[in-house]
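Coordinates in review
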Amino acid sequence: MKKYLLIAVITATAGISAFSLHTSEKEAPTQSHALTVDTTFAGQDTLERSVHMLGNTFAHQSVEIKPEEKGKVSKVLVKSGDEVKKGQLLFLLDDRHQRAVVQREAANLKELQRQHSNLLRLLPNGAVPQGDVDAALANVEMQKAELELAKATLQDKRVSAPFSGTLGLVDITVGQNVESETVLTTLDDSSYLRLNVALPAKYLRQLNIGQTTHLSSIEGAKSVKATLTSLDSRVNSQTQNIQVQFRIDNDEAGLTPGSLVLGELPLPTQAEVTVPLQSVVYRGHERFVYVVQDSKVEKRIVTLGERTGEKVQVLEGLTVGEEIVYRGTVKLRENAQVEVIETINTHLPSGDV
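On a predicted model such as this, the values are computed, not experimentally measured, just so you know.

**A word on the packing of aromatic side chains**
If you walk through the whole model with that rule in mind, you get one aromatic pair. We note Arg-247 situated over the ring of Tyr-192; from NZ or CZ to the ring centre the distance is 3.5 Å. The residue whose ring lies beneath Lys-299 is Phe-288, and the NZ or CZ to ring-centre distance is 4.6 Å.

**Overview of the packing of helix H2 (residues 96-122) against helix H3 (residues 130-155)**
Contact geometry for H2 and H3: axes closest at 9 Å, N-to-C directions at 165 degrees. As the angle between them shows, H2 and H3 are arranged roughly antiparallel. Along this stretch, H2 crosses H3, giving a crossing that reads as left-handed. Broken down by class, the residue content of the contact of H2 with H3 amounts to 14 nonpolar, seven polar and six charged.

**A short note on a nonpolar patch on the surface**
Taken together, Leu-204, Ile-209, Leu-231 and Val-235 make up a surface patch of nonpolar side chains, about 290 Å² in accessible area. If you trace the backbone, Leu-231 turns up in strand S12 (residues 220-231). A residue is classified by how much of its surface remains accessible, and Leu-231, at 32% relative accessible area, is partly exposed.

**Some details on the pairing of strand S6 (residues 89-93)**
Across the five residues of S6, four count as buried, placing the element largely inside the fold. Pairing geometry for strand S4 (residues 71-76) and S6, over three bridges, is antiparallel. Bridge pairing links Val-76 to Phe-91 in S6. Note: S6 against strand S7 (residues 158-160), three bridges, orientation antiparallel. Looking across to S7, one finds that Leu-89 is bridged to Ser-160.

**Regarding the pairing of strand S10 (residues 185-200)**
Inspection of the sheet shows strand S3 (residues 50-65) paired to S10 by eight bridges, in the antiparallel sense. The residue of S10 that forms the bridge with Val-63 is Leu-187. As paired elements, S10 and strand S13 (residues 241-249) share nine bridges and run antiparallel to each other. If you follow Arg-194 over to S13, its bridge partner there is Arg-247.

**What about H3?**
For H3, which comprises 26 residues, the first-to-last C-alpha distance of 38 Å matches the rise-based estimate of 38 Å (1.5 Å per residue) to within 8%. Residues of H3 that are buried include every one of Val-133, Ala-136, Val-140, Gln-143, Leu-147, Ala-150, Thr-153 and Leu-154, and no others. Residues of H3 that are buried make contact with H2 and S7.

**Thoughts on the pattern of salt bridges**
Side chains carrying opposite charge are able to pair once their charged atoms draw close together. One pass over the full model with this rule turns up 14 salt bridges. What you see here is one network of salt bridges that share partners, running through Glu-64, Lys-66 and Glu-181.

**What to know about the environment of Ala-100**
Of note, Ala-100 is situated in helix H2. Judged by its relative accessible area of 41%, Ala-100 is partly exposed. It is 9.6 Å that separates the C-alpha atoms of Ala-100 and Leu-154, two residues lying 54 residues apart in sequence.

**Examining the sheet that holds strand S20 (residues 311-316)**
On the basis of which strands lie adjacent, the open sheet formed by four strands has the order S2-S15-S20-S19 and antiparallel pairing. Each edge of the open sheet is held by one strand with a lone partner, namely strand S2 (43-47) and strand S19 (303-308). Across this sheet, the average inter-strand angle for adjacent strands is 50 degrees, counted without regard to direction. When S19 meets S20, the two strands line up antiparallel, connected through four bridges. By the bridge assignment for S20, Arg-307 is matched with Val-312.

**Describing the side chain of Ser-259**
Take Ser-259: it is sitting in the loop between helix H4 (250-253) and strand S14 (260-266). By relative accessible area, which is 5% here, Ser-259 ends up buried. Among the polar contacts made by the side chain of Ser-259, one reaches the main-chain carbonyl oxygen of Thr-256 at a distance of 2.5 Å. Discounting chain neighbours no more than four positions away, the residues touching Ser-259 are Gly-55, Asn-56, Thr-57, Ser-217 and Glu-219.

**Thoughts on the nonpolar core**
Ranked by size, the top nonpolar core spans 20 residues in total, and within it Met-53, Val-197, Leu-199, Leu-207, Val-244, Phe-246 and Leu-265 carry the most contacts. Listing elements by their share of this core, those giving two or more residues are S3, S10, S12, S13 and S14. Aside from chain neighbours lying at most four places away, what touches Phe-246 is Met-53, Leu-193, Arg-194, Leu-195, Val-197, Ala-226, Thr-227, Leu-228, Thr-229 and Leu-265. In terms of nonpolar packing, the next biggest core, distinct from the first, is built from 16 residues, Val-159, Ala-161, Leu-167 and Ile-172 among them.

**Focus on the confidence of the model for the protein chain**
On average, residues of the protein chain score 86 in pLDDT, and 88% of them are at 70 or above. When the criterion is pLDDT under 50, residues 1-31 qualifies, and its contacts beyond four places in sequence or with other chains add up to zero contacts.

Basis of the calculations
- Residues numbered from 1 in each chain as written.
- Predicted model: local features only at pLDDT ≥ 70, side-chain atom pairs only at ≥ 80, totals over all residues.
- Heavy atoms only, no water.
- Phe/Tyr/Trp six-rings, centres within 6.5 Å; stacked < 30°, edge-to-face > 60°.
- Lys NZ or Arg CZ within 6 Å of the ring centre and 35° of its normal.
- Axes fitted to C-alpha atoms, helices over the stretch in contact; angles between N-to-C directions.
- Helix = DSSP H or I, 4+ residues; strand = E, 2+ residues; numbered from the N terminus.
- Parallel < 35°, antiparallel > 145°, perpendicular 65-115°, else oblique.
- Left-handed = near helix turned anticlockwise from the far one by under 90°.
- Nonpolar A, V, L, I, M, F, W, Y, C, P; charged D, E, K, R; others polar.
- Patch = residues over 30% accessible without salt bridge, like charges linked within 9 Å, V, L, I, M, F, W, Y side chains within 5 Å.
- Areas by Shrake-Rupley, 256 points an atom, 1.4 Å probe, with all protein chains shown as cover.
- Salt bridge = Lys/Arg side-chain N within 4 Å of Asp/Glu carboxyl O.
- Buried < 20%, exposed > 50% of the residue type's maximum accessible area, 1.4 Å probe, protein only.
- Pairing = 2+ DSSP bridges.
- Expected span 1.5 Å × (residues − 1).
- Contact = heavy atoms within 4.5 Å.
- Polar contact = N/O pair within 3.5 Å; in protein donor to acceptor, adjacent residues only side chain to side chain.
- Core = buried A, V, L, I, M, F, W, Y, C linked by side-chain atoms within 4.5 Å.
- pLDDT = per-residue confidence, 0-100.

In structure tokens, the structure reads:
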């Protein structure tokens, strides 16, 4: 009897439990599947950027002084390190033979001119044909050219400064035989220096003639002002760099040509779309953010630019003012429903966020 009573109690209890469970399933409200996130907005910031520069300076004008003719050095009129003026005589080669050649050619010209004059006097009387007079005149003109050539060769025995500047080492001595390829010394005009550097072509539109910067040299801690004077006409297809040239006024800097200088070239500031680095999701080669629209998120591929502090420039894919997920990106997927807990202004100064 007790056995049957126990079975009845268990059966009744199970029935009540099943009824309660069925009732609770029908009456329980539907749970929300929205994911909680914090958001911010794509902002606009003025970015201050610069590009690194490193290179060797070279003189405004620089040349190796060589003789035009071979010969024996008869005079050395300068010494190492001299400041010279344009046209100043530096070296003289033995020119005795060439001076004699000039005298000979001058005498020949004088004789041919005399013969031509005699023929001209006889021409009106018909004593000589016109053809002889013309031939004599041609001989005179040819001899004038020979004389000028002899004088030029004589002048080549004199080695002068092609411009004002500072001489390098002078290791030539009197009596030394030199060839036309012998370097007698060097001459540099260092009143201002030039600096050629290769910069990434992506900065080309931000480079303007007249931009200035200050560089430092290994010769000392003194700052050196450099001014952008020219841009190359083409981009190197291999490196995607462009050559640019700067001018350094050397009166105050006092640098030696060939000095290594380095520094930063500030680029013009401009307003750019920026987002916090924390908002960007990296997946393989993709870079994207989650844009919040009508309580759902859209996966938006973006092209990033330069990083500045805790923010990054967005070149493509996003416009100023769009709401994006700031915290909670890890659990999101395309079209996921979200509940915004807090909207943070990440464009306030640090410490006010």
